[in-house]
Amino acid sequence: MIPDPTALNAARREADLTALADGEPLDIVVIGGGITGAGIALDAASRGLRVALVEKHDLAFGTSRWSSKLVHGGLRYLATGNVGIARRSALERGILMSRNAPHLVHAMPQVVPLLPSMSRGKRALVRAGFLAGDALRTLAGTSSSILPRSCRIAPERVVQLAPTVQRAGLDGGLLAYDGQLIDDARLVTAVARTAAQHGARILTYVAASKATGTSARLTDQRSGQSFDVAARAVINAAGVWAAEIDGLLRLRPSRGTHLVFDAEAFGNPTAALTIPIPGELNRFVFAMPEQLGRVYLGLTDEAAPGPIPDVPIPSADEVTFLLDTVNTALGVALGPADVIGAYAGLRPLIDTGEGRTADVSREHAVVESASGIISVIGGKLTEYRYMAQDVLDRTVSLRHLRAAKCRTHDLPLIGAPANPGPPGSGPVAGLPVSLVQRYGAEAAKVVATATCRRPTEPVAEGIDVTRAEFEYAITHEGALDISDIVDRRTRIGLVEGDRERAVPAAEEFVARLG
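Conventions used here
Once a new chain begins, its residue numbering starts again from 1 and follows that chain's sequence as written. With the structure being a predicted model, the display of local features is reserved for residues of pLDDT at least 70 and the display and counting of side-chain atom pairs for 80 or more, all residues being used for whole-chain, interface and lining totals. The basis for the side-chain values is all heavy atoms of the structure; hydrogens and waters are excluded. UniProt positions are given in the numbering used here, feature names are shortened, and annotations may be inferred rather than shown by experiment. What counts as a domain boundary in this text is fixed by an automatic or database domain assignment. Contacts are assigned to residue pairs with any non-hydrogen atoms lying within 4.5 Å of each other. The term buried area refers to how much accessible surface (probe radius 1.4 Å) is lost by two components on association, counted for both of them together. By salt bridge we mean one thing: a side-chain nitrogen of Lys or Arg within 4 Å of a carboxyl oxygen of Asp or Glu. Polar contact is the term for a pair of N or O atoms within 3.5 Å; when the atoms are in protein, one must be able to donate a hydrogen and the other to accept it, and sequence-neighboring residues count only if both atoms are side-chain atoms. Only DSSP runs of H or I with at least four residues qualify as helices, and only runs of E with at least two residues qualify as strands; both kinds are numbered from the N terminus onward. To estimate how far a helix should reach, multiply one less than its number of residues by 1.5 Å. Buried residues are those whose accessible area, probed at 1.4 Å on protein chains only, stays under 20% of the maximum for their type, while exposed residues exceed 50% and partly exposed ones sit between those limits. Each pair of strands is called paired provided DSSP finds at least two bridges between the two strands. Orientation is described by axes fitted as lines to C-alpha atoms, over the contacting stretch for helices, and by angles from 0 to 180 degrees between their N-to-C directions.

Per an unreviewed UniProt entry, the recorded name for the chain is Glycerol-3-phosphate dehydrogenase, and the organism is Mycobacterium paraffinicum. Among the UniProt annotations of the chain, the heading Cofactor (unreviewed entry) holds the following wording: "FAD". Recorded under Sequence similarities (unreviewed entry), the UniProt text for the chain is reproduced unchanged: "Belongs to the FAD-dependent glycerol-3-phosphate dehydrogenase family."

1. Points about the domain arrangement of the chain
Segmentation of the chain into domains returns domain 1 (10-64 + 185-250 + 360-399), domain 2 (89-158 + 166-181), domain 3 (252-350) and domain 4 (433-511). Put simply, the middle of domain 3 and the middle of domain 4, counted by C-alpha atoms, are 26 Å apart. Across the contact, nine residues belong to domain 3 and nine residues belong to domain 4. Carbon and sulfur atoms make up 58% of the area that domain 3 and domain 4 hide from each other, which totals about 670 Å². When residues of domain 3 are sorted by the area they lose upon contact with domain 4, Gln291, Leu292 and Arg294 head the list and together hold 61% of the total. Our enumeration of links across domain 3 and domain 4 arrives at one salt bridge. Close ionic contact of Asp498 with Arg294 constitutes a salt bridge, the shortest N to O distance being 2.3 Å. For the pair domain 3 and domain 4, the interface holds two residue pairs in polar contact (both at pLDDT 80 or more).

2. Overview of helix H4 (residues 83-100)
For H4, spanning 18 residues, the distance from its first C-alpha to its last is 24 Å, which sits close to the expected 26 Å at 1.5 Å a residue. What H4 keeps buried is the set Ile85, Ala86, Arg88, Ser89, Ala90, Glu92, Arg93, Gly94, Ile95, Leu96, Met97 and Asn100.

3. Section: the sheet that holds strand E1 (residues 28-31)
Strand order in the open sheet made by the six strands is E7-E2-E1-E11-E19-E18, with mixed pairing throughout. At either end of the open sheet lies a strand with only one pairing partner, and these are strand E7 (201-204) and strand E18 (364-368). Each neighbouring strand pair of the sheet contributes to a mean axis angle of 15°, computed without reference to strand direction. As paired strands, E1 and strand E11 (residues 233-236) are joined by four bridges and run parallel to one another. Paired with Val29 across the strands is Val234, a residue of E11.

4. Topic: the sheet that holds strand E8 (residues 206-209)
Strand order in the open sheet formed by three strands is E8-E9-E10, and the pairing between neighbours is antiparallel. The sheet is open, and its two borders are formed by E8 and strand E10 (226-230), each paired with just one other strand. Pairs of neighbouring strands in the sheet enclose a mean axial angle of 30°, with direction left out of account. Across five bridges, strand E9 (residues 215-220) lies against E10 in antiparallel orientation. Bridge pairing in E10 places Leu218 opposite Phe227.

See below:
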């Protein structure tokens, strides 16, 4: 039986490790298994380059799983006069939604309620911003059938979309649309598997040290084995940990925190309730409906100096800030007892000196160190494909590599439907909606390849993740332990009670690895 070229699993990992330890020639080593590193690996492999990606933890272990799950169109950056990044964001959003990953990114309605506390000037400013967002969408060539135009809506419609909104004095709302990921960690996994399909070696739990421009020492975190690899180029895409690879880099991490609620606390909304932060020109707090019957409330932007933790912790002040802000727009106040989970991520911002982290540019930079390591720092999730193209173009030029031109602009990721039709039609008809949302065109394969008992049953009562998905995480998505399954391939782990109930099923499948 021919192995599935898209499948990441323990057997493939072992074969890839052996090949590298035996001295397999490489053009590029990528350090970092977040969205940027995975994007670089895909770009390089699809150009015909020999590439290995190494990650000291799991795919999407760091910042790439702690985002707002939004594919921003760049409106915020337009408001600060950064037309370039705003336009690129809109272009990249359109590429993801129409070609790369239409199964993982969908249009998210976001409604700004027009309440008495919102001045006429602020209302006009938000409306002008939404109109500018429409213009950006048009400029990017994204059809209104993918992202509808913004408009003003009646109070009744606001309540329909966000049932717990304050109704006293509600004067309707402003409705706009942006891109929303079903999950950021799932995007990283899809990109990494697509890279593997094109020949990239994707190695999790492999740490890189003593890196130079043409070599690195790799250590298998599971066996303790270490060996050296040589390559034409070493690319540092370690995000907030990039300075551990190149000590001359200067980053200024900022922490972004989200709170997790049961969707019932917000009346099971179908749009993101969007509340302007008092005193801020272009910053909002969003209460966004998410998978697994949750609402995520975010986002903060706080300086996070000092050592970089593996898993950042939200501060009490951030929790208070988010609750206080959202309560300005709600009819019934939410409190700490309503919060069932929380998470925080660190943005790898480029250190430009003083000032608030909220005002630091989200531009990225490609830097070559004296040792020859090529690092990509800064940037944002929406532009991962563009960032990968930029660093690969630079690397090909600097190292005189023979490579085809970038293909990722039109390259569908694993799970993207070949011929998109109405939701729930074609090969995925009859499958659970949640399964299709997470796997797209692969949903039927997840069930068909399952060898476990009761594959379509939930892993625990009340959790709409099937046993087949846990098995697929191990056989096709590179999961090696319980945390890989419940915290990254699925997001069950965001709620501790759910995590505890799902762990027994995860243990069952991990035990099969022997």
